[in-house]
Amino acid sequence: MPLASKTINELLTDIERGRIALPDMQREFIWDNTQVRDLVESLYKNHPIGMILLWQTNPEDNVAISAIDDTTKEISTYSELVIDGQQRLTSLLLVKKGTIFKGGKERSIKLLFNPFEEKFELEIPPLRNKPEWFDVTRVIQEGEYSVVDREKLKKLGWDDEKIYEALKKLSEVRNIFVGARNSIPVFTIPSNVGYEEVADIFVKINSKGTRIRITELLLALLALKIPGEFRKDFKDYIEKLEDSGWYIDSGVVIRALVAISIKQGRLAYFRNIARNISDKDLQSNWEITKKSLNECFKILEENLGIRSSDILPSQYVLIPLAFYISQKNNPFSEEETKKFILWFLLASFWGRYSGSPETRLDEDIKAINEEKNLDKLFYLLKDQVGRLMIDEERFVGYSRNSKLLLYVTARNQGAEDWWQGHKITTTDYEEHHIFPRSLLKKADYEYRLIEDVANIAFLTKKANRRISNMEPEQYLEKIDPAKLEKQFIPLDKNLWKIENFEDFLLHRRRIIVEKVNEYLKSLGIEKYI
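Keep in mind it's a predicted model, so treat the numbers as computed, not measured.

> Before we go on, may I ask you to explain helix 16 (residues 357–371) in this structure?
Residue pairs spaced three or four apart in an α-helix point in one direction, given the helix's 3.6 residues per turn. Helix length check: helix 16 (15 residues) gives 21 Å between terminal C-alpha atoms against 21 Å at 1.5 Å per residue, within 8%. Taken as a whole, helix 16 has its buried residues at Arg360, Leu361, Asp362, Asp364, Ile365, Ala367 and Ile368. Buried residues along helix 16 sit against helix 11 (250–262), helix 14 (318–326), helix 15 (334–350) and helix 17 (375–385). Trailing helix 16 by a residue or two, lysine 372 shows a phi angle of about 65 degrees, which is positive.

> I keep staring at helix 2 (residues 33–44) and nothing clicks. Help me out?
For helix 2, which comprises twelve residues, the first-to-last C-alpha distance of 17 Å matches the rise-based estimate of 16 Å (1.5 Å per residue) to within 8%. Among the residues making up helix 2, those that are buried are Val36, Arg37, Leu39, Val40, Glu41, Leu43 and Tyr44. Each element contacted by the buried residues of helix 2 is listed here: helix 1 (8–16), helix 3 (86–97), strand 8 (111–114), strand 9 (119–122) and helix 7 (160–178). Structurally, the start of helix 2 carries an N-cap: the backbone nitrogen of threonine 34 is 3.1 Å from a side-chain oxygen of aspartate 32. Positioned one or two residues after helix 2, asparagine 46 has a phi angle of 60 degrees, which is positive.

> Sorry if this is basic, but what is going on with the packing of aromatic side chains here?
Each aromatic ring pair is summarised here by two numbers: the centre-to-centre distance and the angle between the ring planes. Scanning the entire structure with this criterion turns up 19 aromatic pairs. Aromatic pair tyrosine 237 and tryptophan 286: ring centres 5.8 Å apart, planes at 85 degrees, arrangement edge-to-face. One end of the pair, tyrosine 237, is in helix 10 (residues 230–243); the other, tryptophan 286, is in helix 13 (residues 279–304), with 49 residues separating them in the sequence. Like tyrosine 237, the residue tryptophan 286 is buried in the burial classification. An aromatic cluster of three or more residues is present, and its members are Phe435, Tyr445, Phe501 and Phe504.

> How should unusual backbone geometry be read in this particular structure?
Peptide bonds are, in most cases, trans, and in most cases residues other than glycine have a negative phi. Despite not being glycine, glutamate 118 shows a phi value in the positive range, around 50 degrees. Residue position: glutamate 118 is located in the loop between strand 8 and strand 9. Although it is not a glycine, aspartate 444 adopts a positive phi angle of roughly 65 degrees.

> Could you clarify how one ought to interpret empty space enclosed by the protein in this entry?
Over the atoms rolls a probe the size of a water molecule, and in doing so it shows where empty space is left. Scanning the entire structure with this criterion turns up one cavity of 30 Å³ or more. Within this model, the largest cavity holds a volume of roughly 40 Å³. Forming the boundary of the largest cavity are Leu22, Phe29, Ile68, Gln86, Thr90, Ile100 and Lys102. The set of elements that each furnish at least two residues to the lining of the largest cavity consists of helix 3 and strand 6 (99–102). When grouped by side-chain class, the residues that make up the lining of the largest cavity number four nonpolar, two polar and one charged.

> I tried to follow the nonpolar core on my own but got confused; where do I start?
Considering soluble globular proteins, one finds that nonpolar side chains tend to be buried as a cluster. By size, the foremost hydrophobic cluster in this structure holds 79 residues, and its most contacted members are Ile306, Phe344 and Leu345. The element that contributes the greatest number of residues to this core is helix 15, accounting for ten residues. Once residues within four sequence positions are removed from consideration, phenylalanine 344 is found in contact with Leu300, Leu304, Ile306, Leu312, Val317, Leu321 and Leu404. By size, the runner-up hydrophobic cluster in this structure holds 45 residues, among which are Leu11, Tyr44, Val136 and Phe177.

> How should I be thinking about the packing of helix 11 against helix 14 in this particular structure?
Helix-helix packing: each pair is described by the crossing angle between the helix axes and the interaxial distance. Here helix 11 crosses helix 14 at 40 degrees, and the two axes come no closer than 9 Å. When the axis of helix 11 is compared with that of helix 14, the two are oblique. In this structure, helix 11 crosses over helix 14, and the sense of that crossing is right-handed. Across from Val252, Arg255, Ala256, Ala259 and Ile260 in helix 11, the residues of helix 14 making contact are Ile319, Ala322, Phe323 and Ser326. Residues that form the contact of helix 11 with helix 14 fall into these classes: seven nonpolar, one polar and one charged.

> Where do I start with the packing of helix 15 against helix 24 (residues 501–522) in this structure?
Interhelical geometry of helix 15 versus helix 24 gives an angle of 145 degrees and a closest axis separation of 9 Å. Residues Lys338, Ile341, Leu342, Leu345 and Leu346 of helix 15 pack against Tyr519, Leu520 and Ser522 of helix 24. Taken together, the residues that form the contact of helix 15 with helix 24 break down as six nonpolar, one polar and one charged.

> I would appreciate a short explanation of the sheet that holds strand 9 in the present structure.
Within a sheet, neighbouring strands are paired by backbone hydrogen bonds and run either parallel or antiparallel to one another. With antiparallel pairing, the three strands of this open sheet are ordered in space as 9-8-10. Of all strands in the sheet, those with a lone pairing partner are strand 9 and strand 10 (134–135), marking the two edges. As judged from the two bridges shared by strand 8 and strand 10, these two strands associate in the antiparallel manner. By the bridge assignment for strand 10, phenylalanine 113 is matched with phenylalanine 134.

> How do you make sense of the environment of arginine 448 when you look at a structure like this?
Of note, arginine 448 is situated in helix 20 (residues 447–450). With 50 residues separating them in the primary sequence, arginine 448 and tyrosine 398 have C-alpha atoms 7.6 Å apart.

> I tried to follow the pattern of salt bridges on my own but got confused; where do I start?
If the charged atoms of two oppositely charged side chains come close together, the side chains can form a pair. According to the stated counting rule, one finds 35 salt bridges in the structure shown. With a closest N to O distance of 3.3 Å, lysine 154 and aspartate 160 form a salt bridge. In this structure lysine 154 comes out as partly exposed when scored by relative accessible area, which is 38%. Relative accessible area serves as the criterion here: at 48%, aspartate 160 is assigned to the partly exposed category. The residue arginine 307 makes a salt bridge to glutamate 301 at a minimum N-O spacing of 3.7 Å. Taken together, the salt bridges that share partners define one network made up of Arg37, Asp38, Lys119 and Glu121.

> Explanation requested: the pairing of strand 6 in the structure shown.
In regular strands, side chains alternate between the two faces of the sheet. Only one face of strand 6 is buried, namely the one carrying Ile100 and Lys102, since none of Thr99 and Phe101 on the opposite face is buried. For strand 6 and strand 7 (residues 105–108), the ladder comprises four bridges, and the chain directions are antiparallel. Bridging from a neighbouring strand, lysine 102 pairs with lysine 105 of strand 7.

The rules behind each value
Residues numbered from 1 in each chain as written. Predicted model: local features only at pLDDT ≥ 70, side-chain atom pairs only at ≥ 80, totals over all residues. Heavy atoms only, no water. Helix = DSSP H or I, 4+ residues; strand = E, 2+ residues; numbered from the N terminus. Expected span 1.5 Å × (residues − 1). Buried < 20%, exposed > 50% of the residue type's maximum accessible area, 1.4 Å probe, protein only. Contact = heavy atoms within 4.5 Å. Polar contact = N/O pair within 3.5 Å; in protein donor to acceptor, adjacent residues only side chain to side chain. Phe/Tyr/Trp six-rings, centres within 6.5 Å; stacked < 30°, edge-to-face > 60°. 1 Å grid on protein atoms, 1.4 Å probe; cavity = no way out; pocket = protein on both sides within 12 Å on 5 of 7 lines; lining within 4 Å. Points joined across faces, edges and corners; volume = space filled by probe spheres on them. Nonpolar A, V, L, I, M, F, W, Y, C, P; charged D, E, K, R; others polar. Core = buried A, V, L, I, M, F, W, Y, C linked by side-chain atoms within 4.5 Å. Axes fitted to C-alpha atoms, helices over the stretch in contact; angles between N-to-C directions. Parallel < 35°, antiparallel > 145°, perpendicular 65-115°, else oblique. Left-handed = near helix turned anticlockwise from the far one by under 90°. Pairing = 2+ DSSP bridges. Salt bridge = Lys/Arg side-chain N within 4 Å of Asp/Glu carboxyl O.

Written out as structure tokens, the structure reads:
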């Protein structure tokens, strides 16, 4: 079985003996010492630090390699290459040795540990001569009994109990590196397994309950398939999206790349990328993927005022849309843009990719590829959920699905901030409870009613703070009724009283659903019902 648990000691020993090396395409060791310290602290606290991915290979394979530490005596007999985990393994080796060399550059660390506070710190002058701070590298190399000078500490007033406590905690630290205290999951790709078999292995492992993100493996293998800058470019693209407010899961981007590369939606079909697509074509598909996703975000911003990923119930809906964009040679017509928006909203509301995302993604990608439009996707969605129009029953309670439709419909109505007067967008609003939580809790209303989407409006942070916990009948009457109507607030003032909160929800929900369906009709939903 390629998935195993290995101790830190076993992994570091294999590195020092030349059994584990790096493929030459791996990036340099870039973690700073603060990150190294945090990693060791995580291990001490028994926090997970992620999986290590190794590739079992042979020197005869002629893979360009390099050592994790240039002082490693011999790596010509290596048996495994690090595909994912270089920064973590190099960090741990650095702490164990104190100094390593890479590419002729020296890298050192002096990590200190206080056994009484159970705290790690990098050495700074104020801590250098403090008796309660111990050099971790010395503890690992020499042992806790060698670094604890009992006689010296007793002269400083330490009793036997305090010394014993220090020895016990220092032993815990040492056993991270030279004992069996900490193990981490290691997935090893066997030497006889080609790209085409890797996804199958992961499907089998996942079916047995071991949860490993297959997209992590695909990213590592893509870096091998397109050596050089791919991993860096992938990371840079994800970070660029985040800087723009789009926190897109790397797995969604990988899935979009797979779809665009092989016109299918299952990650298990990744084998076809490695087997049939040249490095040049794969690099070209990566550029198309970025361009298509960017265009998708642009359409959502320009037409729906969605400027961030926060409001999306599921990011999977972006994958078929990006694929559809990648198949278009001409700009969208007005009708195509409406269809794009309509499917995005319906797939998000009805949860197209909840439950069986792989199967449904594959269905949708194939449908787009065959029909060259989105029409069939509406019928697939209708077959799944039974209807497309929205009803009041589905708008009860709180869900991200309902919130998305509420937001885009309100914005389509020209919804404005009640005080500032500018149009709402996803980057400058807060969810405002029309009936404040504190007042409803005091009146003993249930949580499910307090958080119902029909109690949510969209305001700027400043306006939300200004209202605070005022009663609706006090502050709503100060607002222009036209602005209230754009966010579907019933104008019957009796409904603004705390004792009539449930009636308020019923009336506002009815208005919301009516306006939502009007908006969906303007986008062309009647063609598919």
